[in-house]
Amino acid sequence: MLITIDGTNGQGKSTAGQMLADRLGISFFSTGLVIRFLAQAYQQLADRGVSHEEIMPSLYARVSSDTILHLQNRDNADLYDDGLVKYFASITGDGEMLNHVNTALDDYRRGRALVMDGRNLFEIFPDAEFKFYFESTSERRAEILQLSKSITRSEALARQRLRDDQERTFTVPRGELIVLDPLSRTLDDLIDTMHQRVADGASETTLFELLDSADAEMKANEDAFFDLWNRSIRTNLRCSDSFRIQDHVSKYGGFRLGLAEVDQLAPALRDFFGRRGHVEGGTVWLRGYTYYECDPQMHKKRSDPTEFALWQNFCSRWGAYSEPAFACDGEPWRSNAVDWIGMLSYLEYVFNDLTTMLWFVYSNESGMDGIPGRPQIAPTIEACVSEIAEMIASLLLFRFPASTDSFQQRIADVVLNQTISAFIDESLRISQLAPGSVRAVREGDSLAVLFAAYTTKLAAFGESLEPKRVLILSNAFGALNLGVIFQSLASDRLQVEHLNVQYSQHRANGPDLGERSGIVRAFGGGSVARVVDDYRDGCVIVVDDCIFTGKSFHEIRDIFDPSTEVLSLPLMLDTQSLKYYERETRDPQKTFRTASVAVMRARELGDRFPVFQAFWDWSSQAPTAAQNEASEFDEVMAGGDILLRTLWSRFRQQILVSPVKESQQWA
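Residues numbered from 1 in each chain as written. Predicted model: local features only at pLDDT ≥ 70, side-chain atom pairs only at ≥ 80, totals over all residues. Heavy atoms only, no water.

Participant: Can you tell me about the overall build of the protein chain, naming the residues and giving the values?
Facilitator: Counting secondary structure elements, the protein chain contains 29 helices and 15 strands. Per-residue burial for the protein chain yields a buried fraction of 55% across its 667 residues. In the protein chain, the share of contacts with a sequence separation of at least 24, taken over all contacts with a separation of at least 6, comes to 78%. Accessible area for the protein chain stands at about 27600 Å²; split by element, carbon and sulfur atoms hold 47% of it. (Helix = DSSP H or I, 4+ residues; strand = E, 2+ residues; numbered from the N terminus. Buried < 20%, exposed > 50% of the residue type's maximum accessible area, 1.4 Å probe, protein only. Contact = heavy atoms within 4.5 Å. Areas by Shrake-Rupley, 256 points an atom, 1.4 Å probe, with all protein chains shown as cover.)

Printed below as a string of structure tokens:
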């Protein structure tokens, strides 16, 4: 999304641009900074006696998208020296220089949601979604200059004429622009007017048109992603051209194999999924009920399992990993598609359980004082998360590092870790657990969705990012630890630091880890103050499972210095909820503004939408509360949570009837 503000000098374009960007929750850049930067460089060379003919070629090389990023992140007070004005004409009068500047601006705005102000931007960016043009009289402009500089009116008029003389003359296509007189109204009224025009989509774009267009683009992105992924798998695993990964994966999470394919798995994998998988007709879902069982959402409301009961269930499950695991000949998942899927699925189990464990530790910090070795528990789990994430990334990218340790040994080092085993035993003695501290179901838990976000958005962005150092923040339980997988996937492109943080907390009975106390919290040993300082002129990427209103992202972004480039990386865009958000707001304009910002944010990184829609559907009104077991199932099936509907439908027998062991389901 690009919004431009044009007009002659002295009308407050930069002030209005910054305020509009703040209102929309996007970035602002004043293109005049580039001219001032070049004018300053010109002055410095001219003062040393360098001729105009020598100066200009040396300045061409100084202009690129990196220059724009540098100016975006520095204190530019020195560029507002009035002495630079006389050099403007030397810069703007050079056609080749303007080509370099325009190319740099166009490169910089790709993949970003921006408000830009400057001169003749309607020519440079004819495709900008909204093009404002400020037009006021010379007398009003001089009056503003007189007040801001504390000078006489004659001096103000003289300076105004000098600036006007230094600028090019343009033919303004007023019919294509939104023309406003900024000096005939208050600043607040001006920003309200501009914001309203954007929200209204210039009185043409409707909410459903906006979101239907996003849906269509996401579907095209999905097709392109699976085509790319299939080519990679077929090449690296020597599959036939008929192999389609989408036949083996669910965007809601997890892989599936046919019964005959399961028999082809390496024995250790076949035995594991024989205990943990779920058979449905001729299909084996490798994620069985036990994958999700410790989440309260996977139980009837009237059974109301306590956190302690859920945690006991989890602890017994983790202990099962110590059973004889991967005594495989070689590593067949490097060359066999079935074993490749099986190994990814097994690693998903371990990764998800480590994430559940870490959430439990983060949520119950105050109750763990008596546990031996407490300071090492979270760092040890985080280190194990990184180890499993690296193996997942190796499989997804077919990038196997030269390591003396096999996958089997590395997995054993995690699941048999003594610190974790001791913690599991000691945690059962905690007297009181925080509500909502045992969880397993989350939207972000899908390797297909995550790998799509990396392939279509982060990978391309990483190639153009300078410098290559970036901080990835994983926000809330929905994205907890997912940034660690991104970190491993991008390790050959970027220097990535990762931190789990919490702002969003939507469960009313969950632990207050952020939103209700109005803070952004860093988990583990992380420090918000430290990363804010370390990345003052750097790049921060916020990973979240999906984007809806964007509130969490804006709260996280606002803790950073304005010089920090903070970008959103949502795994999904919640177009379905946005379409029906008006039921809650009862305000069509607010709904459209919210949707517009969400759409801008969703495509900000890599200039592409996420591949998948979020797992919500509010096209029907919410059902009434359940009165019995049967109506409770119907309530979930009629609800807006598509992920929960999918899981309840798949595991209805385990949820509504006395749970059975997964091994009993195998034919």
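Participant: Can you tell me about the sheet that holds strand E5 (residues 178–180), naming the residues and giving the values?
Facilitator: Spatially, E2-E3-E1-E4-E5 is the arrangement adopted by the five strands of the open sheet, whose pairing is parallel. Strands at the two margins of the open sheet, each flanked by one partner only, are strand E2 (27–30) and E5. Across the sheet, the axes of successive neighbouring strands diverge by a mean angle of 20°, strand direction being ignored. The sheet contact formed by strand E1 (residues 2–7) and strand E3 (residues 114–117) spans four bridges and is parallel. Note that in E3 the partner of Ile5 across the bridge is Asp117. Its contacts with the sheet put helix H10 (residues 187–199) on E1, strand E4 (130–134) and E5, and the angle it makes with E4 is roughly 155°. (Pairing = 2+ DSSP bridges. Axes fitted to C-alpha atoms, helices over the stretch in contact; angles between N-to-C directions.)

Participant: So what's going on with the pattern of salt bridges? Residues and values would help.
Facilitator: Inspection of the entire model under this criterion finds 25 salt bridges. Notably, a salt bridge pairs Arg603 with Glu217, separated by 3.1 Å at the nearest N-O pair. Placement of the pair is Arg603 in the loop between helix H26 (588–602) and strand E15 (612–613) and Glu217 in helix H11 (residues 207–237), with a sequence separation of 386 residues. Judged by relative accessible area, which is 25%, Glu217 ranks as partly exposed. Three or more residues joined by partner-sharing salt bridges are found here, namely Asp106, Arg109 and Asp127. (Salt bridge = Lys/Arg side-chain N within 4 Å of Asp/Glu carboxyl O.)

Participant: Got a sec to walk through the sheet that holds strand E7 (residues 278–280)? Specific residues and values, please.
Facilitator: The strand order E6-E8-E7 describes an open sheet built from three strands, whose pairing is antiparallel. The outermost strands of the open sheet, each flanked by one partner alone, are strand E6 (256–258) and E7. Averaged over all neighbouring strand pairs, the angle between strand axes comes to 30°, with direction disregarded. Bridge count between E6 and strand E8 (residues 283–285): three bridges; the pairing is antiparallel. In the sheet register, Leu257 faces E8, and the bridge partner there is Val284.

Participant: Mind laying out the environment of Thr646, listing which residues take part and the relevant values?
Facilitator: Along the chain, the position of Thr646 falls in helix H28 (residues 642–650). With ten residues separating them along the chain, Thr646 and Val636 place their C-alpha atoms 9.6 Å apart. Looking at Thr646, its side chain comes within polar contact range of the main-chain oxygen of Ile642, at 2.8 Å. (Polar contact = N/O pair within 3.5 Å; in protein donor to acceptor, adjacent residues only side chain to side chain.)

Participant: Lay out the packing of aromatic side chains with the relevant residues and their values.
Facilitator: In the structure shown here, the tally under the stated rule is 31 aromatic pairs. Relative to Phe612, the ring of Phe226 has its centre 6.2 Å away and its plane inclined at 65°; by these criteria the two rings are edge-to-face. Placement of Phe226 in helix H11 and of Phe612 in strand E15 is noted, with a sequence separation of 386 residues between them. For Phe226, a relative accessible area of 8% gives the class buried. Taking 6.4 Å as the distance between ring centres and 70° as the angle between the ring planes, the aromatic pair formed by Trp229 and Trp340 counts as edge-to-face. Placement of the pair is Trp229 in helix H11 and Trp340 in helix H15 (residues 337–363), with a sequence separation of 111 residues. Like Trp340, Trp229 is buried. (Phe/Tyr/Trp six-rings, centres within 6.5 Å; stacked < 30°, edge-to-face > 60°.)

Participant: Provide a residue-level description of the packing of H15 against helix H17 (residues 407–415), including the pertinent values.
Facilitator: Running from amino to carboxyl end, H15 crosses H17 at an angle of 20°, the nearest separation of the two axes being 12 Å. The orientation of H15 relative to H17 falls into the category roughly parallel. When you trace H15 past H17, the crossing you get is left-handed. For the pair H15 and H17, the contacting residues are Met343, Tyr346, Leu347, Val350 and Leu354 in the first and Phe407, Ile411, Val414 and Val415 in the second. Residues of the contact of H15 with H17, tallied by class, amount to nine nonpolar, no polar and no charged. (Parallel < 35°, antiparallel > 145°, perpendicular 65-115°, else oblique. Left-handed = near helix turned anticlockwise from the far one by under 90°. Nonpolar A, V, L, I, M, F, W, Y, C, P; charged D, E, K, R; others polar.)

Participant: For the packing of helix H3 (residues 52–60) against helix H6 (residues 95–109), give the residues involved together with the corresponding values.
Facilitator: Here H3 crosses H6 at 15°, and the two axes come no closer than 10 Å. Judged by the angle between their axes, H3 and H6 are roughly parallel. Read as a crossing pair, H3 and H6 show a hand that is left-handed. Here Met56, Leu59 and Tyr60 of H3 lie close against H6, whose contacting residues are Glu96, Met97 and His100. Grouping the constituent residues of the contact of H3 with H6 by class yields four nonpolar, one polar and one charged.

Participant: Report on the nonpolar core, specifying residues and quantitative values.
Facilitator: By size, the foremost hydrophobic cluster in this structure holds 124 residues, and its most contacted members are Tyr346, Leu354 and Phe486. The greatest single-element share of this core, amounting to 18 residues, is contributed by H15. Counting 36 residues, the second largest nonpolar core, distinct from the first, contains Ile55, Ile68, Val85 and Ile124. (Core = buried A, V, L, I, M, F, W, Y, C linked by side-chain atoms within 4.5 Å.)

Participant: Please give an account of H15 that cites residues and values.
Facilitator: For H15, built from 27 residues, the straight-helix expectation of 39 Å at 1.5 Å per residue is met to within 8% by its first-to-last C-alpha distance of 38 Å. The buried fraction of H15 amounts to 27 of the 27 residues, a majority that puts the element mostly inside the structure. Between the side-chain oxygen of the N-cap and the backbone nitrogen of Val338 there are 2.9 Å, and the N-cap of H15 in question is Asn336. (Expected span 1.5 Å × (residues − 1).)

Participant: Hey, could you go over the state of the cysteines for me, with residue numbers and the actual values?
Facilitator: Applying the stated rule across the entire model yields zero disulfides. Between Cys294, a cysteine without a disulfide, and Cys315, which holds the nearest cysteine sulfur, the sulfur-to-sulfur distance is 9.4 Å. (Disulfide = S-S within 2.5 Å.)

Participant: Go over the pairing of strand E9 (residues 469–475) with me, naming the residues and quoting the values.
Facilitator: Most of E9 is tucked away: six of the seven residues are buried. Across seven bridges, the pairing between E9 and strand E10 (residues 495–502) is parallel. Paired with Val470 across the bridge in E10 is Val496. Summarising the sheet, E9 and strand E12 (residues 539–544) pair through five bridges and their orientation is parallel. Across the sheet, residue Ile472 finds its bridge partner in E12, namely Ile541.

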